Amino acid sequence: MAPHATENGATNGTSQSGGLDFTTFSNVIDGKLSSTQKTRHGINPATAKANPEVPVSTQEDVESAMAAGKKAAKQWAKTPYAERQKAVLAWADAIESEKDGFAKLLTQEQGKPLHFAAFEMDFTLQIIRTMANLELPTEEIIDEADRKVLVRYTPLGLTVGIAPWNYPVLLTCSKIAPCVVTGNPIIIKPSPFTPYGGLKVVELAQRFFPPGVVQALSGDDSLGPWLTAHPAPAKVSFTGSSATGKRVMESCAKTLKRVTLELGGNDPAIVLDDVNVDEVAPKIATLAFLNSGQICLALKRIFVHEKIYESFRDKMVEHTKTLKVGEGFEKDVFLGPIQNSMQYERVKGFFEAIDTEKYNVAVGGKNPEGPGYFITPTIIDRPKEDSRIVVEEPFGPIVPLLTFSTDEEAIEKANNTNYGLGASVWSGDVERAAKVAKELEAGSVWVNTHFEIDPRAPFGGFKESGIGTEFGVGGLKSYCNSQTLYLKKK
Ligand code: NAD
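Residues numbered from 1 in each chain as written. Predicted model: local features only at pLDDT ≥ 70, side-chain atom pairs only at ≥ 80, totals over all residues. Heavy atoms only, no water.

With that settled, consider helix α6 (residues 196-205). Burial analysis of α6 places 10 of its 10 residues in the buried class, which makes it a mostly covered element. Of the positions making up α6, those classed as buried are Y196, G197, G198, L199, K200, V201, V202, E203, L204 and A205. (Buried < 20%, exposed > 50% of the residue type's maximum accessible area, 1.4 Å probe, protein only. Helix = DSSP H or I, 4+ residues; strand = E, 2+ residues; numbered from the N terminus.)

Structure, rendered in structure tokens:
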């Protein structure tokens with residue numbers, strides 16, 4: 001069901017499905033739903049109409065959630081690992097039974113096409129279940145005649161999870177699952193642009209976790225700094241831009257909170273001269289324009305070998321012309337709107353640079369009129385390598401195509417950035433591509449694909465793309481102290 005307008009012009013929430021009410025949204029503090037005197041709302045970016053009201057948390061709400069989280073921490077840390085795993089898996093089952101409602105909610109709040117919203121939900125479930133099923137046993141490092149040395153992983157304590165607006169449910173659940181399975185309570189702060197899905201998964205969690213273990217606070221721009229500066233949390237797990245990540249780290253330094261920072265990217269693709277152009281060019285276009293380019297790991301700089309450049313560009317252009325832009329509830333839409341007006345204006349700034357920086361447009365270049373925040377997928381043909389479109393992360397569907405003539409030159413150009421999140425190398429010769437891949441400065445590097453994350457493997461960034469990793473056993477360990485236990489046998 002598509003969202004519908006009410007008399008006052010606000011879009012109503014999606015329907016109730018599977019028993020969860022997708023029309024009202026609350027904070028979750030100490031096991032209870034609560035509202036606030038002041039409220040606000042996000043915008044449906046396809047229509048620019050208001051979504052339902054959400055709380056604007058006060059400092060008192062922060063204090064209540066911190067106190068409840070601290071209180072819950074002791075008991076939850078003592079709860080056996082297997083019981084915590086059971087609770088997380090039961091929560092995943094409950095999310096699954098509400099999957100359709102969550103997918104519609106995601107389209108309404110984030111803008112992404114419904115089939116991609118359903119994919120976000122499926123991948124969310126895969127992440128939660130993978131993280132819940134991993135084990136983190138005590139490691140026996142030394143066993144000698146007179147002593148044993150063990151390494152135990154103990155919960156850090158109360159954690160704050162801060163999420164951005166591009167994958168609101170997936171990124172929220174990617175923090176909750178490993179945090180609580182390792183014995184830590186968590187307070188989730190969703191993005192003010194997309195608070196709905198995050199609040200709902202936490203509401204649903206109340207059926208499976210004791211009060212105070214999984215909490216959520218929605219708010220305005222004051223809330224994030226209040227949470228990171230508060231002395232109670234032991235850790236902040238943050239996903240967002242590199243600029244905000246630096247502020248979070250600075251704030252956390254005051255009480256030496258642990259941080260995991262998953263930040264921005266300016267991912268390169270290196271397309272070698274031996275690829276099958278007809279097969280690879282459409283894939284590269286897809287990976288640049290997926291989620292309307294609003295993915296940390298979207299392809300943002302595409303380096304194509306000069307020998308095949310023209311045919312590769314033309315094939316990418318041909319494919320890009322087939323990608324439909326529109327409201328996420330419409331059939332066959334590939335690109336939904338940009339999620340919010342601030343980001344929309346920022347992305348439009350790169351279109352203004354078409355004139356001011358004299359870019360050659362291979363396809364796209366003109367955007368439709370509002371009210372929704374729609375942007376036409378656009379390819380810029382060989383801009384200067386120090387131009388904005390190459391150096392910055394646009395986080396929208398506009399991407400530069402660049403050239404190189406040797407593998408060494410491609411490596412040098414790809415690494416010429418402060419970011420280091422993902423990268424990919426495309427070639428008919430996997431060994432040659434792997435050799436190039438190993439030289440790239442990025443946390444995840446793919447050969448002949450991109451963005452294919454597996455939650456069993458660590459995920460994180462080099463350079464200004466982040467600190468620490470999520471996913472895999474390392475992701476579990478990031479929510480733990482490592483304690484070395486020396487046991488003298490006599
Ligand atoms: P953002 O940094 O503006 O906001 C992220 C979150 O931080 C929001 O919840 C926001 O309210 C909060 N916040 C803002 N200022 C804060 C402060 N001073 N203290 C604490 N919290 C604060 O990012 P965004 O615009 O929501 O998301 C887009 C960015 O996120 C892009 O750069 C993208 O590459 C990055 N991202 C990274 C990953 C990853 O896994 N590496 C994943 C998704 C998005």
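Once that is clear, we can look at the site of the ligand. Contacts to the ligand come from 27 residues, most closely from A163, S241, T244, L263 and E393. L263 places a main-chain nitrogen or oxygen 2.7 Å from a nitrogen atom of the ligand. Across the complex, the protein chains shield 87% of the 850 Å² of accessible surface that the ligand would expose by itself. Breaking the shell around the ligand down by element, the ones donating at least two residues are α7 (223-229), β10 (235-239) and α8 (242-253). (Near = heavy atom within 4 Å. Polar contact = N/O pair within 3.5 Å; in protein donor to acceptor, adjacent residues only side chain to side chain. Areas by Shrake-Rupley, 256 points an atom, 1.4 Å probe, with all protein chains shown as cover.)

Mapped onto this numbering, the UniProt entry annotates "domain: Aldehyde dehydrogenase" (unreviewed entry) at residues 35-484. Secondary structure content for residues 35-484 is 40% helix and 21% strand, and the end C-alpha separation is 44 Å. (UniProt positions renumbered as here; feature names shortened; annotations may be inferred.)

Where burial is concerned, the two faces of strand β7 (residues 159-162) agree: the one with T159 and G161 and the one with V160 and I162 are both buried. With four bridges joining them, β7 and strand β8 (residues 186-189) adopt parallel strand pairing. When the sheet's bridge partners are listed, G161 is paired in β8 with I188. Between the parallel elements β7 and β8, the chain passes through helix α5 (residues 168-181) in a crossover that is right-handed. Here β7 runs beside β10; their pairing, made up of four bridges, is parallel. By the bridge assignment, G161 is partnered in β10 with S237. (Pairing = 2+ DSSP bridges. Right-handed = clockwise from strand over helix to strand, strands pointing away.)

With the rule as written, the count across this model stands at nine aromatic pairs. Between the aromatic rings of F116 and F334, the centroid separation amounts to 5.4 Å while the plane-to-plane angle is 90°, which identifies the pairing as edge-to-face. Taken together, the residues F116 in helix α4 (residues 114-133) and F334 in the loop between α10 (309-320) and α11 (341-356) connect sequence positions 218 residues apart. As far as burial versus exposure is concerned, F116 and F334 are alike and both buried. Pairwise contacts between aromatic rings join W76, W91 and F209 into one cluster. When the ring centre of Y479 is taken as origin, the NZ or CZ atom of K235, which lies over that ring, is 4.4 Å away. Between the NZ or CZ atom of R388 and the centre of the ring of F350, over which it lies, the distance is 4.1 Å. (Phe/Tyr/Trp six-rings, centres within 6.5 Å; stacked < 30°, edge-to-face > 60°. Lys NZ or Arg CZ within 6 Å of the ring centre and 35° of its normal.)

The next point concerns the environment of E135. With respect to the helices and strands, the residue E135 is situated in the loop between α4 and β5 (139-143). Given a relative accessible area of 48%, E135 falls into the partly exposed group. Spatially, the C-alpha atoms of E135 and T356 are 55 Å apart, while their sequence positions differ by 221 residues. The contacts of E135, once residues within four sequence positions are left out, are Y81, Q85, V473 and L476. (Contact = heavy atoms within 4.5 Å.)

With that settled, the discussion passes to the domain arrangement of the chain. Structurally, the chain comprises domain 1 (4-263 + 464-485) and domain 2 (267-454). The straight-line distance from the C-alpha centre of domain 1 to that of domain 2 is 30 Å. Facing the 27 residues of domain 1 at the interface are 29 residues of domain 2. For the pair domain 1 and domain 2, the summed buried surface comes to about 2400 Å²; carbon and sulfur atoms form 62% of the total. Taken together, the connections running from domain 1 to domain 2 amount to zero salt bridges. Scanning the region where domain 1 abuts domain 2 turns up 10 residue pairs in polar contact (both at pLDDT 80 or more). Looking at the side of domain 1 that touches domain 2 element by element, the count peaks at five residues for helix α3 (residues 99-110). Taken together, the residues of the side of domain 1 that touches domain 2 break down into 13 nonpolar, 10 polar and four charged. (Domains from an automatic or database assignment. Buried area = accessible area lost by both parts, 1.4 Å probe. Salt bridge = Lys/Arg side-chain N within 4 Å of Asp/Glu carboxyl O. Nonpolar A, V, L, I, M, F, W, Y, C, P; charged D, E, K, R; others polar.)

Residues other than glycine predominantly adopt negative phi, and peptide bonds predominantly adopt the trans conformation. Backbone torsion omega between G370 and P371 reads 15°, so that peptide bond is classified as cis. With respect to the helices, strands and loops of the structure, P371 is situated in the loop between β14 (360-363) and β15 (378-381). Residues other than glycine seldom take positive phi values, yet N448 does so here, at roughly 60°. Of note, N448 is situated in the loop between β18 (444-447) and β19 (459-460). Of note, the phi angle at F451 is positive, near 70°, even though the residue is not glycine. Structurally, F451 can be placed in the loop between β18 and β19.

According to UniProt, the "active site" (unreviewed entry) feature falls on E262. Positionally, E262 belongs in strand β11 (residues 258-262). For E262, a relative accessible area of 3% gives the class buried.

Attention now goes to the pattern of salt bridges. Scanning the entire structure with this criterion turns up 33 salt bridges. With a closest N to O distance of 3.2 Å, K307 and D273 form a salt bridge. Residue K307 is located in the loop between β13 (299-305) and α10, and its partner D273 is located in the loop between β12 (267-271) and α9 (277-289); the two are separated by 34 residues in the primary sequence. Salt bridges sharing common partners tie together D273, D274, K307, D407 and R432.

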